[in-house]
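Chain residues, written in single-letter form:
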Amino acid sequence: MREQLQKALEREAEKQISRHFRNLRARAEDRARYKKRTGKLPASPAQIVPRYWALNKQFDPFYVRSHAASIAHALDRKIREGAYKPLPSLRIQIPKPNGGSRGISIFTGVDAAVSSWLFRRLLDRNAPALSGYSYAYRLDRNAQNAIEHLARAMTGRQRIYVLEYDFTRYFDSINHDYLRQVIGDHTKTSPRESAILDAFLRCEFAEGSSAY
């Protein structure tokens, strides 16, 4: 298990580092376009790395990557002892294109890696029982499969209706006791894995960096 956790930590750290460098390149390109368009030097960016990285070193993917082995060793021990508990997540608001905002939770790189590791374990074990139309959550399904399915469904039809549903705060409305019951009744989950799931369901969060 320790080796699997270390690989999950390294994957999560690399993913976040790649995203960070993509953002830096995009900002540099914006600055270059501004200079070309106006002939003026753009203001230097006030922040190179996300501010929340300073809230806890486990938010910093460079730290997580360089300490993946020791972190995995500690995680392995905590999970086996039933003592794993994710650190509080950071809740931020993302503006919506049509107005309003959407709240998202940012977990530390360590906890995000544990979540990814657990997801893969449960998915591998329970994949045969999952719907073949679950294109967003199965590792053996992707957007191309969804497009091919829609193309077959539309072939030879003169008219077809497409419905899109967006339930406001849908996941916030799901009762945790009901969720635990569904997982217990319909998935193959070990007591250790159930304990990790329950730890995430009970995870604390802070609204904004100042409240963290």
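S.K.: Is there a simple way to explain the pairing of strand E1 (residues 89-95) in this structure?
M.R.: When a strand is regular, its side chains alternate between the sheet's two faces. Relative to strand E3 (residues 205-207), E1 runs parallel, the two sharing 3 bridges. Residue pairing for E3: Leu90 is matched across the bridge by Ala206.

S.K.: Would you explain the packing of helix H6 (residues 176-186) against helix H7 (residues 191-201) in this entry?
M.R.: Remark: H6 packs on H7, axes separated minimally by 12 Å, with the N-to-C direction vectors making an angle of 160°. Between H6 and H7, the angle falls in the class roughly antiparallel. In terms of crossing hand, the pair formed by H6 and H7 is right-handed. Counting all contacts with H6, which are made through His176, Leu179, Arg180 and Ile183, the residues of H7 involved are Leu197, Asp198 and Leu201. Its residues placed into classes, the contact of H6 with H7 shows 4 nonpolar, 1 polar and 2 charged.

S.K.: Just checking my understanding: could you explain the packing of aromatic side chains for this structure?
M.R.: Each aromatic ring pair is specified by the distance between its two centres and by the angle formed by the two planes. One pass over the structure, following the stated rule, counts 7 aromatic pairs. Aromatic side chains Phe59 and Tyr212 sit 5.7 Å apart centroid to centroid with 70° between the ring planes, which places their arrangement in the edge-to-face category. With Phe59 in the loop between helix H1 (2-38) and helix H2 (61-66) and Tyr212 in the segment after E3, this pair connects stretches of sequence that are 153 residues apart. An aromatic cluster is present here, built from Phe21, Trp53 and Phe62 joined pairwise through their rings.

S.K.: Quick question: what am I supposed to make of the nonpolar core here?
M.R.: A general trend in soluble globular proteins is that nonpolar side chains are found buried together. Membership of the largest hydrophobic core comes to 20 residues, with the highest contact counts inside it found for Leu9, Leu75, Trp117 and Ile196. At the level of elements, H1, helix H3 (68-81), helix H4 (109-126) and H7 are the ones that each hand at least two residues to this core. The dominant element in this core, judged by the number of residues it contributes, is H4, at 6 residues. Those residues in contact with Ile196, other than ones at most four positions away along the chain, are Ile79, Tyr84, Val114, Trp117 and Leu118.

S.K.: Could you clarify how one ought to interpret the environment of Arg77 in this entry?
M.R.: Position of Arg77 among the secondary structure elements: in helix H3. Here the alpha-carbon distance between Arg77 and Lys7, two residues 70 residues apart in the chain, equals 16 Å.

S.K.: Any chance you could explain H1 here in plain terms?
M.R.: Each α-helix winds once per 3.6 residues, and so residues spaced three or four apart point in a common direction. With 37 residues, H1 should reach 54 Å at 1.5 Å per residue; the first-to-last C-alpha distance of 54 Å fits that figure. Taken together, the buried positions of H1 are occupied by Leu5, Ala8, Leu9, Glu12, Ala13, Gln16, Ile17 and His20. Those residues of H1 hidden inside the fold are in contact with H2, H3 and H4. Remark: Gly39 follows H1 within two positions and exhibits a positive phi of approximately 75°.

S.K.: Just checking my understanding: could you explain the side chain of Glu12 for this structure?
M.R.: Inspection of the secondary structure puts Glu12 in helix H1. A distance of 2.8 Å separates polar atoms of two side chains, one belonging to Glu12 and the other to Gln16. Beyond its immediate sequence surroundings of up to four residues, Glu12 is in contact with Gly109, Ala112 and Ala113.

S.K.: What is the right way to look at a nonpolar patch on the surface in this model?
M.R.: On the surface, a cluster of nonpolar side chains totalling about 1,000 Å² of accessible area is made up of Phe119, Tyr137, Leu139, Leu163, Tyr165, Phe167, Tyr170 and Phe171. Within the fold, Tyr137 resides in the loop between H4 and helix H5 (143-154). For Tyr137, a relative accessible area of 53% translates into the label exposed.

S.K.: Honestly, the pattern of salt bridges in this entry has me stumped. Any pointers?
M.R.: Any two side chains of opposite charge can pair, given that their charged atoms come close. Summed over the entire model, instances satisfying the criterion amount to 13 salt bridges. Within the structure, one salt-bridge network assembled from shared partners comprises Asp177, Arg180, Asp198 and Arg202.

Criteria and thresholds
Residues numbered from 1 in each chain as written. Predicted model: local features only at pLDDT ≥ 70, side-chain atom pairs only at ≥ 80, totals over all residues. Heavy atoms only, no water. Pairing = 2+ DSSP bridges. Helix = DSSP H or I, 4+ residues; strand = E, 2+ residues; numbered from the N terminus. Axes fitted to C-alpha atoms, helices over the stretch in contact; angles between N-to-C directions. Parallel < 35°, antiparallel > 145°, perpendicular 65-115°, else oblique. Left-handed = near helix turned anticlockwise from the far one by under 90°. Contact = heavy atoms within 4.5 Å. Nonpolar A, V, L, I, M, F, W, Y, C, P; charged D, E, K, R; others polar. Phe/Tyr/Trp six-rings, centres within 6.5 Å; stacked < 30°, edge-to-face > 60°. Core = buried A, V, L, I, M, F, W, Y, C linked by side-chain atoms within 4.5 Å. Buried < 20%, exposed > 50% of the residue type's maximum accessible area, 1.4 Å probe, protein only. Expected span 1.5 Å × (residues − 1). Polar contact = N/O pair within 3.5 Å; in protein donor to acceptor, adjacent residues only side chain to side chain. Patch = residues over 30% accessible without salt bridge, like charges linked within 9 Å, V, L, I, M, F, W, Y side chains within 5 Å. Areas by Shrake-Rupley, 256 points an atom, 1.4 Å probe, with all protein chains shown as cover. Salt bridge = Lys/Arg side-chain N within 4 Å of Asp/Glu carboxyl O.

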